[in-house]
Amino acid sequence: MATSSASMTTNSRWSDWRVRHQASLDETRYNTRVFFKDKLAVVGLVIILLTIIMAVFAPYIAPYPAQGQGESNLHARFEAPNAQHWMGTDNQGRDILSRIIYGARIPLIISFTVTAVIVIIGVPLGGIAGYYGGRIDEVVMRITDVFLAFPSLILAITFVAFLGPSIRNVMIAIVVSWWPWYTRLVRGVAVSLRERPYVEAARTMGVHNLLVIWRHILPNALGPVIVQMTLDIGTVILAAAALSFIGLGAQPPTAEWGLMISEGKDYILQQWWIGTFAGLAIFILVLAFNFVGDGLRDVLDPRSKR
Amino acid sequence: MTIWAYVVRRIALAFLVLFGVATITFLMVRIVPSDPAAVYVGSNARPAQIAQARRILGLDKPLYVQYAIYMKNLVKGDWGDSLRTKRPVLQDILHFFPMSLELIISALIVAAIFGIVFGVATAHRKGKWIDHVMRIFSTGGVAIPAFWLALMLQIVFFRVLHLLPVAGPSDILVAQAHPITSVTGMPVIDALLTGNWPAFTDSVRHLILPMLCLAAYPMGVIMRMTRSSMLEAMGNDYIRMARAMGVPPRTLLYKDALKNAFGPVLTVIGLTFAYSLTGTFFVELIFAWPGLGQYATTSVLSTDYPAIMGVTIMVATAYVLVNLVVDLAQALLDPRIALS
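Values in this document were obtained by computation on a predicted structure and should not be read as measured data.

## Focus: the overall build of chain B
Looking only at helices and strands, chain B features 15 helices and 0 strands. Projecting the C-alpha coordinates of chain B onto the three principal axes gives extents of approximately 85 × 55 × 40 Å. Per-residue burial for chain B yields a buried fraction of 41% across its 340 residues. A separation of at least 24 residues holds for 72% of the contacts in chain B among residues at least 6 apart in sequence.

## Some points on the overall build of chain A
The helix and strand tally for chain A stands at 14 helices and 0 strands. Projected onto its principal axes, the C-alpha coordinates of chain A cover approximately 75 × 60 × 40 Å. The burial tally for chain A puts 46% of its 306 residues in the buried class.

## Thoughts on the nonpolar core
Counting residues in each nonpolar core, the largest one holds 177 residues, and the members touching the most others are A:I174, B:A150 and B:I222. Sorting elements by how many residues they give to this core places helix α10 (residues 197–234) of chain B first, with 19 residues. Shared between two domains, this core holds at least three residues of each, these being domain 1 (17–75) and domain 2 (98–302) of chain B.

## Looking at helix α8 (residues 134–148) of chain A
Over its 15 residues, α8(A) extends 21 Å from the first C-alpha to the last, a length consistent with the 21 Å expected when each residue adds 1.5 Å. Within α8(A), the full set of buried residues consists of A:V140, A:T144, A:V146, A:F147 and A:L148. Against α7 (105–132) and α10 (167–193) of chain A together with α1 (3–31) of chain B lie the buried residues of α8(A).

## Here we look at the interface of chain A and chain B
Listed per partner, the contact involves 37 residues of chain A and 42 residues of chain B. When its residues are assigned to classes, the side of chain A that touches chain B shows 25 nonpolar, 7 polar and 5 charged.

## What about the environment of A:L243?
Residues and elements named next belong to chain A. Tracing the backbone through its elements, the reader meets L243 in helix α12 (residues 209–245). Between the C-alpha atom of L243 and that of T89, which follows or precedes it by 154 residues, the distance is 24 Å. Once you skip the residues sitting within four places of it in the chain, L243 turns out to touch A156, I157, V160, V170, L248 and G249.

## Details of the packing of α7(A) against α12(A)
How two helices pack is summed up by the angle between their axes together with the distance between the axes. Residues and elements named next belong to chain A. Look at α7 against α12: their axes get within 8 Å of each other, and the N-to-C directions meet at 145 degrees. Crossing of α7 over α12 shows right-handed handedness. Residues P107, I110, S111, F112, V114, T115, V119, V123, G127, I128 and Y131 of α7 pack against I213, I217, L218, V225, M229, D232, I233, V236, I237, A240 and A241 of α12. For the contact of α7 with α12, the per-class residue count stands at 18 nonpolar, 3 polar and 1 charged.

## Side note on the confidence of the model for chain B
All names here are of chain B. In this model, chain B carries an average pLDDT of 84, and 97% of its residues clear a pLDDT of 70 or more. Helix α5 (residues 89–124) holds the highest mean pLDDT among the elements of chain B, 91, whereas helix α15 (residues 336–339) holds the lowest, 65. Interface confidence for the predicted complex, given as ipTM, is 0.82, next to a pTM of 0.85.

## Digging into the domain arrangement of chain B
Examined at the domain level, chain B breaks down into domain 1 (17–75) and domain 2 (98–302). Using only C-alpha atoms to locate each centre, domain 1 of chain B and domain 2 of chain B end up separated by 39 Å.

## Here we look at the confidence of the model for chain A
Regions with low pLDDT should not have their predicted coordinates read in detail. Confidence in the prediction of chain A, expressed as mean pLDDT, is 85, and 95% of residues score 70 or more. Model confidence for chain A, summarised as mean pLDDT per element, is weakest for helix α1 (residues 2–20) of chain A at 67 and strongest for helix α3 (residues 39–56) of chain A at 93.

## Here's the deal with α12(A)
Residues and elements named next belong to chain A. Its 37 residues place the ends of α12 only 46 Å apart at the C-alpha level, less than the 54 Å of an ideal helix rising 1.5 Å per residue. The sharpest bend along α12 comes to roughly 45 degrees, located at L218, with the proline P219 sitting one to four residues further on. Of the residues trailing α12, G247 is marked for its positive phi of about 90 degrees.

## Some details on unusual backbone geometry
Omega for the peptide link from A:P252 to A:P253 comes to 5 degrees, which places this bond in the cis form. Inspection of the secondary structure puts A:P253 in the loop between α12 and α13 (257–265). Its identity is not glycine, yet B:H162 carries a phi of approximately 50 degrees, on the positive side. Looking at the element boundaries, B:H162 is found in the loop between α7 (146–160) and α8 (172–177). Of note in the backbone geometry, B:A288 takes a positive phi value of approximately 45 degrees without being a glycine. Following the sequence through the fold, B:A288 ends up in the loop between α12 (249–286) and α13 (292–301). Judged by local crowding, B:A288 falls into the partly exposed class, with 13 C-beta atoms found within 10 Å.

Rules and cut-offs
Residues numbered from 1 in each chain as written. Chains lettered and ligands numbered in written order. Predicted model: local features only at pLDDT ≥ 70, side-chain atom pairs only at ≥ 80, totals over all residues. Helix = DSSP H or I, 4+ residues; strand = E, 2+ residues; numbered from the N terminus. Buried ≥ 20, exposed ≤ 12 C-beta atoms within 10 Å, placed from the backbone. Contact = placed C-beta atoms within 7 Å. Core = buried A, V, L, I, M, F, W, Y, C linked by C-beta atoms within 7 Å. Domains from an automatic or database assignment. Expected span 1.5 Å × (residues − 1). Nonpolar A, V, L, I, M, F, W, Y, C, P; charged D, E, K, R; others polar. Axes fitted to C-alpha atoms, helices over the stretch in contact; angles between N-to-C directions. Left-handed = near helix turned anticlockwise from the far one by under 90°. pLDDT = per-residue confidence, 0-100. Bend = angle between axes of the 7 residues up to and from the residue.

Shown next, in the form of C-alpha cells:
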C-alpha cells in the first residue's frame with residue numbers, strides 16, 4: 001500500500017510538472033522537428049558525433065595506435081595510400097590515418113574548453129553591463145572596443161609569441177582575444193530587456209539585481225549565445241590549427257591536424273597525401289559545426305535570417 | 001546628434017581605441033614571463049650582459065616611466081629596432097606592408113564581386129537547387145583552413161595543370177630582364193604605372209593563387225550577408241507594393257533591394273578586412289610572398305619582440321581605420337545611423 005501511494009505522488013508530481021511545462025515541452029518538440037528537417041544540420045551533427053567517438057576510442061579504432069601517438073616507423077617512409085596504410089605514411093613512416101584519428105582529440109578538447117571559458121567570462125559581463133547601464137556599461141564597452149580593435153588571431157599570435165609555444169598558451173590566447181564578442185552579444189539583449197515591464201516589476205518588488213539578470217535577462221540571451229557558440233567552436237578549431245601550423249601550438253611528435261599540414265607542407269607537390277588528409281579533416285569538422293550552427297539558428301534565433 | 005557630431009565622435013573614439021591598443025601591446029610585453037633583455041642579448045649571455053641590455057633598453061626604470069617613453073617614441077615614429085634585421089621596425093613594416101596590401105585589396109575586390117553576385121542570385125532563387133549548392137559553397141569558404149587551401153591550389157594549378165607559378169611574387173628571369181621601378185611598393189600597380197608589361201603579366205600570374213586563397217573566406221561571408229539582407233529587403237512593404245504594381249523583378253532586385261542591402265554588406269566587407277590581415281600571415285608563408293605576414297611569422301618564431309609589437313600595432317591601426325571609414329560611409333549612406 002505504502003509503495004503504491006509513493007508512486008502515486010511521484011506520478012502526480014510528474015504530471016503536475018508536465019502541466020506546468022506543457023508549453024515549453026511542445027516548443028522543444030517543435031524545435032527538434034524544425035532542426036531535423038534541415039538535412040545539412042543533421043549531417044553536421046552526425047559528423048560531430050562520429051568525430052567525438054573517433055577521438056574517445058582512438059586506441060581501439062586506429063590501425064597503428066603507437067604511430068598515432070608519435071612513434072616513428074622509418075622503414076616505411078613516404079608510402080602512398082595503399083592497403084596497409086589507407087592514407088599513406090608521412091616523412092617518419094607513420095600511418096596517417098592513425099594520426100588523423102588521434103589528431104581529433106586536441107581540436108575537440110581545445111574548442112570545447114575555450115568556448116566554455118569564453119562564455120563564462122563574456123556572458124555575465126555583458127549581462128551586467130547592459131542591465132546596469134551608465135558608467136559600468138561605458139567602461140566595459142570601451143574595453144571590448146579595444147580588444148575588438150585587434151583582429152583576434154593577431155592578438156592570439158602575439159600572446160603566444162610572448163608566452164611561448166604550447167597548446168595551453170594557445171587556449172589562453174584565444175580566450176583573451178575572443179570573450180568581448182559574447183559580452184557585446186549579451187549586452188545587446190540586456191539593453192533591449194531592461195525596460196520591459198516584467199523586469200521592472202521584479203526590480204520594484206525588491207529582487208536582487210544579480211538575480212534579475214540571472215532569471216530574466218540571461219535566459220533570453222541563451223538562444224543567440226548557443227548559436228554563436230556552435231559557430232565559434234568551428235572558428236576556434238581553425239584558429240588553433242592555424243597556430244599549430246605556424247609552430248606555436250601543438251609540438252611534435254603530437255598528432256594534431258594543423259601540425260600535420262605543416263609537416264606535409266614541404267612535400268606537398270610530391271607526397272601530397274601527408275598534408276592533404278589532415279586539412280580535409282579540419283575542413284569537414286568545421287563545416288559540420290557551421291551546418292549545425294545554422295540549423296540551430298533557425299530554431300533558437302529565428303529573427304536573424306541567414 | 002547631427003551627422004557632423006557623429007563623425008567627430010566616431011573619430012575621437014577611433015583615437016581612444018588606438019591608445020588602448022598601444023597600451024595593451026605595451027602591457028603584454030611586460031607581463032609575460034620572458035625577459036626582453038635576455039632575448040635582446042641572446043641565449044648564451046652572462047648576467048652582466050643582461051644587466052647592461054636592461055639599461056640600454058630602459059628596462060631598469062619604473063614601469064610608468066617606461067610607458068611614457070614608449071608612448072612618446074611611438075608617436076614620434078620611433079618603434080625600436082628589430083632584433084633580427086637590425087633595422088628600424090617602422091621602416092621594415094613600411095617596406096613589407098604594400099606587398100600584403102596588394103594581396104588583401106585584390107582578394108577583397110574579388111570576394112566582394114563574386115560574393116554580392118552569388119548572394120543576389122541565391123536570394124532571388126531562395127529554396128531552389130542553386131540556393132542549396134551555394135549554401136554549401138559559402139559555408140565551405142568560411143570553414144576551409146586558408147593554409148590548406150593554399151597547398152591544394154598549388155597542387156591543382158601548378159603540379160597538375162601547369163597553369164600558374166607555384167610561389168613567390170615574380171619569376172627570377174622576368175624580374176632580372178624587366179625590373180620593376182618601385183613607386184607604391186605594390187608590384188602589379190607599379191608595373192602598370194611604369195608601363196612595364198612583361199613584369200605586369202608576370203606579377204598578375206603570381207598574384208592569382210595567393211589572392212584566391214585569401215578571397216575564399218570573405219567571399220563566403222559576403223555571400224551569406226548579401227543573401228540574408230536581400231531577403232530582408234525583398235520582404236519590405238514598398239518592394240512588395242512595387243512588385244504588385246508591375247515593376248520588373250530585375251529592376252527591383254538590382255536597383256531597390258540591393259541598395260537597401262548594401263549597408264550591412266559594407267560592414268561585413270570591413271570586418272572581413274580584419275580576417276584578411278591575419279589570413280595573409282599564413283598565405284604569405286606558403287606562397288613565399290615577401291609581405292608583412294611573412295615578416296610577422298618569422299619575427300614571432302624568433303621572439304623578435306619590437307617587431308612583433310610593431311606589426312601588432314600596425315595591423316590594429318589598419319583595422320581601426322578601415323572600420324572608421326566603413327562606419328562613416330554607412331552614416332553618409334543612411335543618416336539614421338548617425339542619429340540613433
